[in-house]
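This is what each chain is made of:
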Amino acid sequence: MVTRKLLYSSVAVLGLVAGLAAWPATRPHAQPASRATVAIDNDDIGGVVTGKQGPEPGVWVIAETIDLGTRFAKMVVTDDRGRYVIPDLPPATYNVWVRGYGLVDSPKVKSARGQVVNLNAVPAPNVAAAAEYYPAIYWFAMLRIPDKSLFPGTGPDGNGMPVAFKSQEQWLNAVQLNGCGNCHQLGDKATREFPAALDVSRGSSTDAWMRRLSSGPGGGTMVRTIGTLNTNDGGHVRRLAEWTDRIRAGELPASVPPRPHSLERNLVVTVYDWLSPKYYIHDLIVTDRRKPTVNPFGLIYGAAELSTDDLPILDPVKITKTTMKVPVRDQDAPSSALANPVVAPSPYFGTEQVWDSRVNAHNPMMDQEGRVYYTAQIRSPKTPPAYCAAASGHPSAKVYPLTRTPDGFVQNSRQVTVYDPKTRQFTFIDTCFGTHHLNFAEDANHTLWLSNNLQNELAIVGWVNTKMFWETNDAGRSQGWTPLVVDTNGNGKRDAYVEPNQPDDPTKDKRIGLGLYGIAYGPADGSIWGSNIGHPGYVIRVQPGPNPPETALAEVYKVPPPGYGMRGFDVDRQGLAWVTLASGHIASFDRRRCQGPLNGPGAAEGNLCPEGWTFYPIPGPAFAGRDGAAEGPYYTWVDQHDILGLGANTPIGTGNFSDSLHALTYGKVVELRVPYPMGFFAKGIDGRIDDPKAGWKGRGLWVTSGNRTPMHIEGIDAPSPGAPGKTLSNPRVVHFQLRPDPLAH
């Protein structure tokens, strides 16, 4: 196992005692800024940034415009001599300014393309002013968490901690990731302070937090979640109130972020907005994962989950945003508004029911023809097709019928909706199983594998033979599914099985009730992999076999200490599984390192092969008394085809509290940060090669900012750094490109 000590970044996190002189950690001798060392093209803006001590290395220069079809900002990092080049800007007038740690934003200078703009950095007058620019994680890590002595919880008549929490890590999992932090960024300006509409002056901070948690269509979920964290001493609401009270009284983060260094300075980040402040974005797709040259320079399609049926489209060439009304097949498909009513008025939208979607599109994927497949609701969950029942004779239904018919809106009761950009037509594939994430296999049938994030009796994996579907238009014949069965009798094949709640039988196998959340196809051997978000997190491998409804076998591997808090998931082309964890790690699981049997007694518990795990620490501050960054990483994506330029099979995790992506390269995690607007909360990642001959310019990653509260993103007219403005922010699409050096253009 790779230890934390060996893999920590060589750049130490500086304490506040170092003061403002801490930026950068290594400063070159002050020297006059050269005005003739920056070469630019006619569509670039470049120059030199100078501070009081000379050139300013490792700070961002941002060029933003509202002249185009959507708000557009491109930003780069200065080199060791304070030089910068913002390349390939579309025709517009730009505001250009400097942002960096240890600084406050410089005055905005208007510029057209093709101009040299030399800028003066403005040092922060004090540490408090500098801290306004820190990523949210630096503020969130100030939260005082329950002591380890309070676990395991023994309830209100014991130590006060709910009995559901067996460890501090399980409590943190609920707060950081699989409870609170999976929906919005914690520690940003909008959460560490109260909007005026909550009228804090009339009551306590505890009252203000309860009012906040009941606001808008997410209020019901937030109130239920906070209820699970109740304790005798006021629970998590009290802890949040104390946190905001300390910040209001002037307490500041205990550490400061380092400036970008090394290859982090080669990053070019472009930010677009789309959709509306009322609606959040969950995911996007730009190409075929298997062949990332599909759809070159083409439209980018987003999925808006619970919020709206008007799904966003971005044209990155024309720089315009539109929406597409996605239909449902059956008009009895229920709306997300049924399960997400407005409990109390939102400070931003009052009592308006802003989440109202019947499509509930969660995750799109693109095939070799450029068709877009959404996991989306097409009908009521009360009306499954006849082929879902055993009596139909469907091969999967005979083994494991799916006839459950819940009432009302069920979030994961989705099927598949396909949009063909060539014909502008929608096609519906009615699946018996609920759908959540999806990925294509690299096979002749272009098999689409789907997870459902459902547990217990609904924990299955499903698939659609898309070649057969487009040839026959027969959804029943083209689909299949299987329960997840572990070979616990150790004979190497699937047999009759016992249920998860039944004792093991040495003559039988065992079904597990751990449904897949993330799902990925393993190119190395054709296996299907996925994650399960139950604490502390599980990786599941499925080998379909020749007749998957009857032959598929699952293996389950629980993440060992120090890991916990799993959500998104991916695999590389060599067979390694990758996850990003709330414990503050990117982690790999290598099945080839397993030293013992992977089936037989005990295999269903997930405790086999702890030696297969390796942990790589994520940079960032930790909660007091703990190791590991206080992150809430939502998803993991492996750059199988070296689209970004860090090498094939580079794992990338989302830094949801850090305004960043975390990329593992040469055994170390580097931060690819979005400095503006603050509030970047990555959900979906996709990479595309638009022009294989154009080097770094012809490729890049596209990432959604999927905060369920897009109005919390720093506004274009923000009254202070990181704050919402009068003009509420839309969701974001962010383009990441990596140059060979900070001045490449």
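Residues numbered from 1 in each chain as written. Predicted model: local features only at pLDDT ≥ 70, side-chain atom pairs only at ≥ 80, totals over all residues. Heavy atoms only, no water.

A. Broad picture of helix α8 (residues 235-248). For α8, built from 14 residues, the straight-helix expectation of 20 Å at 1.5 Å per residue is met to within 8% by its first-to-last C-alpha distance of 20 Å. For α8, the tally of buried residues reaches 10 of 14 residues, placing the bulk of the element in the interior. Among all positions of α8, only G235, H236, V237, R239, L240, A241, W243, T244, R246 and I247 are buried. Those residues of α8 that are buried are in contact with α3 (136-140), α4 (168-176), α5 (189-192), α6 (205-213) and α7 (219-227). (Helix = DSSP H or I, 4+ residues; strand = E, 2+ residues; numbered from the N terminus. Expected span 1.5 Å × (residues − 1). Buried < 20%, exposed > 50% of the residue type's maximum accessible area, 1.4 Å probe, protein only. Contact = heavy atoms within 4.5 Å.)

B. Broad picture of the packing of aromatic side chains. Here the structure, examined in full by the defined rule, presents 27 aromatic pairs. Ring centres 5.1 Å apart and planes at 45° place the aromatic pair W449 and W463 in the tilted group. Remark: W463 occurs in strand β25 (residues 460-465) and W449 occurs in strand β24 (residues 447-450); sequence separation between them is 14 residues. Comparing W449 with W463 shows no difference in burial state: the two are buried. Judged by centre distance (6.1 Å) and plane angle (35°), the ring pair of W578 and Y616 falls under tilted. (Phe/Tyr/Trp six-rings, centres within 6.5 Å; stacked < 30°, edge-to-face > 60°.)

C. Representation of the sheet that holds β24 within the structure. Read across the sheet, 4 strands follow the order β23-β24-β25-β26 without closing on themselves; strand pairing throughout is antiparallel. Only two strands of the sheet have a single neighbouring strand rather than two, namely β23 (438-440) and β26 (479-483). Adjacent strand axes in the sheet meet at a mean angle of 20°, parallel and antiparallel pairs treated alike. For β23 and β24, the ladder comprises 3 bridges, and the chain directions are antiparallel. Its bridge partner being in β24, L438 is matched across the sheet by L450. (Pairing = 2+ DSSP bridges. Axes fitted to C-alpha atoms, helices over the stretch in contact; angles between N-to-C directions.)

D. Region of the structure containing the pairing of strand β4 (residues 60-65). When you tally the buried positions in β4, you get 6 out of 6 residues, the bulk of the element. One ladder, built from 6 bridges, connects β4 with strand β5 (residues 72-77); its direction is antiparallel. Paired with T65 across the bridge in β5 is F72. Here β4 folds back onto β5 in antiparallel fashion, the turn holding 6 residues. Note: β4 against strand β7 (residues 94-99), 5 bridges, orientation antiparallel. When the sheet's bridge partners are listed, I62 is paired in β7 with W97.

E. Quick look at the nonpolar core. Of all hydrophobic cores here, the largest spans 71 residues; its most connected members are Y84, Y301 and Y374. Per element, the largest residue contribution to this core is 4 residues, and it comes from strand β20 (residues 372-376). Grouped together as the second largest cluster of nonpolar side chains are 53 residues, F140, A141, L186 and V256 included. (Core = buried A, V, L, I, M, F, W, Y, C linked by side-chain atoms within 4.5 Å.)

F. Looking closely at the confidence of the model for the protein. With 95% of its residues at a pLDDT of 70 or more, the protein shows a mean pLDDT of 93. This stretch, residues 1-36, has a pLDDT under 50; its non-local contacts, to residues over four places away or in other chains, come to 65 contacts. (pLDDT = per-residue confidence, 0-100.)

G. Summary view of the sheet that holds β7. A sheet is described by the order of its strands in space; here 8 strands give the open sequence β9-β7-β4-β5-β14-β44-β43-β42, paired in antiparallel fashion. Either end of the sheet is taken by a strand with one partner, and the two such strands are β9 (109-111) and β42 (682-689). Within this sheet the neighbouring strands show an average axis-to-axis angle of 25°, counted without direction. Bridging between strand β14 (residues 267-273) and strand β44 (residues 732-738) involves 7 bridges; their strand directions are antiparallel. Bridged to V271 within β44 is V734.

H. Inspection of the state of the cysteines at higher detail. Under the counting rule described, the total for this entry stands at 2 disulfides. Disulfide partner of C388: C432, at an S-S distance of 2.0 Å. Judged by the sign of its S-S torsion, about -90°, the bond between C388 and C432 is left-handed. With a gap of 44 residues between them, C388 in the loop between β20 and α9 (395-399) and C432 in the loop between β22 (425-429) and β23 connect regions that are remote in the sequence. The exposure classification of C388 matches that of C432, with both residues buried. The disulfide bridge from C594 ends at C609, spanning 2.0 Å between sulfur atoms. The sign of the S-S torsion, about -95°, decides the handedness of the disulfide formed by C594 and C609: left-handed. You can see C594 sitting in the loop between β36 (585-589) and β37 (613-617) and its partner C609 sitting in the loop between β36 and β37, a full 15 residues away along the chain. On the accessibility criterion, C594 (16% relative accessible area) is buried. (Disulfide = S-S within 2.5 Å.)

I. Highlighting the pattern of salt bridges. Within the structure shown, the criterion is met by 40 salt bridges. Here R259 and E56 are joined by a salt bridge, their closest N and O atoms 2.8 Å apart. One end of the pair, R259, is in the loop between β13 (255-256) and β14; the other, E56, is in the loop between β3 (54-55) and β4, with 203 residues separating them in the sequence. Accessibility classification places R259 together with E56 in one group, the buried group. (Salt bridge = Lys/Arg side-chain N within 4 Å of Asp/Glu carboxyl O.)

J. Representation of the side chain of Q377 within the structure. Here Q377 lies in the loop between β20 and α9. Within polar-contact distance, the side chain of Q377 engages the backbone oxygen of P334 at 2.9 Å. (Polar contact = N/O pair within 3.5 Å; in protein donor to acceptor, adjacent residues only side chain to side chain.)

K. Local environment of the environment of N173. Mapped onto the elements of the fold, N173 is located in helix α4. In sequence terms N173 and A582 are 409 residues apart; their C-alpha atoms lie 6.7 Å from each other. Among residues more than four places away in sequence, those in contact with N173 are N178, G179, I533, H535, Y564 and G565.

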